[in-house]
Amino acid sequence: MFTGIITDIGTITSLVQEGDLRARIQTHYDTQSIDMGASIASDGVCLTVVDLGPDWYEVQISAETVEKTNIGRNNWVVGKRVNLERALRVGDELGGHIVSGHVDSVAEVVAIEDEGDSTRVTLRAPDALARFIAPKGSVALNGTSLTVNDVSGTDFGINFIPHTKTATTWGEVTLGDLVNLEIDTLARYVARLAEMPAA
């Protein structure tokens, strides 16, 4: 489990298609403190560490994960910077919201507008997921826990303050970007309960 609070920005330094896709990600984390088999959310995708070096770790990415995330849409390339978060430990501060690292789909950036020092980004969710997104609710986008400002059909708006833009890759967002979207688990269960017939 994760919180959606980004603690490092990594850089993809190699991508090799074996049976699965293997990626090496350079990090500022102390890799001596990372166990083999540990989970690290990389742009919101929970990935398992399969190899370690002095300033990098490697992960294997299954075909299903490649298909369901922005990884398989020519988004992950050598040199790309990605948001990183290590798995939540008992006793850690829960600063964002509960994030599983199991990406539901991708959302497309359809508008970007500066508002003072902040930036308003409008994203378009897939039809099947739009009903889980509500004003003042939470979503995880590229692993970042964010509050939804407004919703109009399948479009929803997020406001990025200067700190978020510098502490994550959101300062580099461009029109047309495809970002990993994870729906808030609570919103999913509330919607499921609403669908159930009364006893």
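Residues numbered from 1 in each chain as written. Predicted model: local features only at pLDDT ≥ 70, side-chain atom pairs only at ≥ 80, totals over all residues. Heavy atoms only, no water.

Let's hear about the overall build of the protein: which residues, and what values?
Scanning the protein for helices and strands turns up four helices and 12 strands. By residue count, 42% of the 199 residues in the protein fall in the buried class. Taking contacts inside the protein between residues at least 6 apart in sequence as the whole, the part at least 24 apart equals 68%. Per element, the accessible surface of the protein, about 10,200 Å² overall, is 50% carbon and sulfur. (Helix = DSSP H or I, 4+ residues; strand = E, 2+ residues; numbered from the N terminus. Buried < 20%, exposed > 50% of the residue type's maximum accessible area, 1.4 Å probe, protein only. Contact = heavy atoms within 4.5 Å. Areas by Shrake-Rupley, 256 points an atom, 1.4 Å probe, with all protein chains shown as cover.)

Got a sec to walk through the side chain of T69? Specific residues and values, please.
Position of T69 relative to the elements: it lies in the loop between α1 (63-68) and β6 (81-86). A relative accessible area of 2% places T69 in the buried class. For T69, the side chain forms a polar contact with the main-chain oxygen of T65, separated by 2.7 Å. For T69, the contacting residues outside a window of four places in its chain are V45, V103, V106 and N180. (Polar contact = N/O pair within 3.5 Å; in protein donor to acceptor, adjacent residues only side chain to side chain.)

If you had to explain the sheet that holds strand β4 (residues 45-52) to someone new, which residues and values would you point to?
Taken together, six strands build a closed barrel; the order of strands is β1-β2-β5-β4-β3-β6 and the barrel is antiparallel. Taken pair by pair, the neighbouring strands of this sheet meet at an average axis angle of 45°, ignoring direction. Bridge analysis of strand β3 (residues 39-42) against β6 gives three bridges, and the strand direction is antiparallel. Looking across to β6, one finds that I40 is bridged to R86. (Pairing = 2+ DSSP bridges. Axes fitted to C-alpha atoms, helices over the stretch in contact; angles between N-to-C directions.)

Account for the sheet that holds strand β10 (residues 144-152), naming residues and giving values.
Spatially, the six strands close up into a barrel ordered β7-β8-β11-β10-β9-β12, and their pairing is antiparallel. Mean inter-strand twist for the sheet, computed between neighbouring axes without regard to direction, equals 45°. When strand β9 (residues 138-141) meets β10, the two strands line up antiparallel, connected through four bridges. Its bridge partner lying in β10, A140 is registered against S145.

Describe in detail the packing of aromatic side chains, supporting the description with residues and values.
Counted according to the given criterion, the structure contains one aromatic pair. Each ring, one from F160 and one from W170, has its centre 4.6 Å from the other, and the planes form 25°; the classification is stacked. Residue F160 is located in strand β11 (residues 155-160), and its partner W170 is located in the loop between α3 (162-167) and β12 (178-183); the two are separated by 10 residues in the primary sequence. Given the relative accessible area of 3%, W170 is considered buried. The ring of W56 has R24 sitting right over it, with the charged end atom 3.5 Å from the ring centre. (Phe/Tyr/Trp six-rings, centres within 6.5 Å; stacked < 30°, edge-to-face > 60°. Lys NZ or Arg CZ within 6 Å of the ring centre and 35° of its normal.)

Describe the side chain of D184, with residues and values.
Within the secondary structure, D184 sits in the loop between β12 and α4 (185-195). With relative accessibility at 16%, the residue D184 sits in the buried group. When near neighbours in sequence (up to four residues on either side) are disregarded, D184 contacts H97 and S138.

Can you tell me about the pattern of salt bridges, naming the residues and giving the values?
A complete count under the given rule lists seven salt bridges for this structure. Notably, a salt bridge pairs E172 with R81, separated by 2.6 Å at the nearest N-O pair. Highlighted residues: E172 in the loop between α3 and β12 and R81 in strand β6, separated in sequence by 91 residues. (Salt bridge = Lys/Arg side-chain N within 4 Å of Asp/Glu carboxyl O.)

Talk me through unusual backbone geometry; I want residue IDs and the actual numbers.
Trans peptide bonds make up the majority, and among non-glycine residues the majority have a negative phi. Of note in this structure, D43 is not a glycine but carries a positive phi near 55°. Tracing the backbone through its elements, the reader meets D43 in the loop between β3 and β4. Of note in the backbone geometry, K136 takes a positive phi value of approximately 70° without being a glycine. Summarising the element assignment, K136 is placed in the loop between α2 (127-130) and β9.

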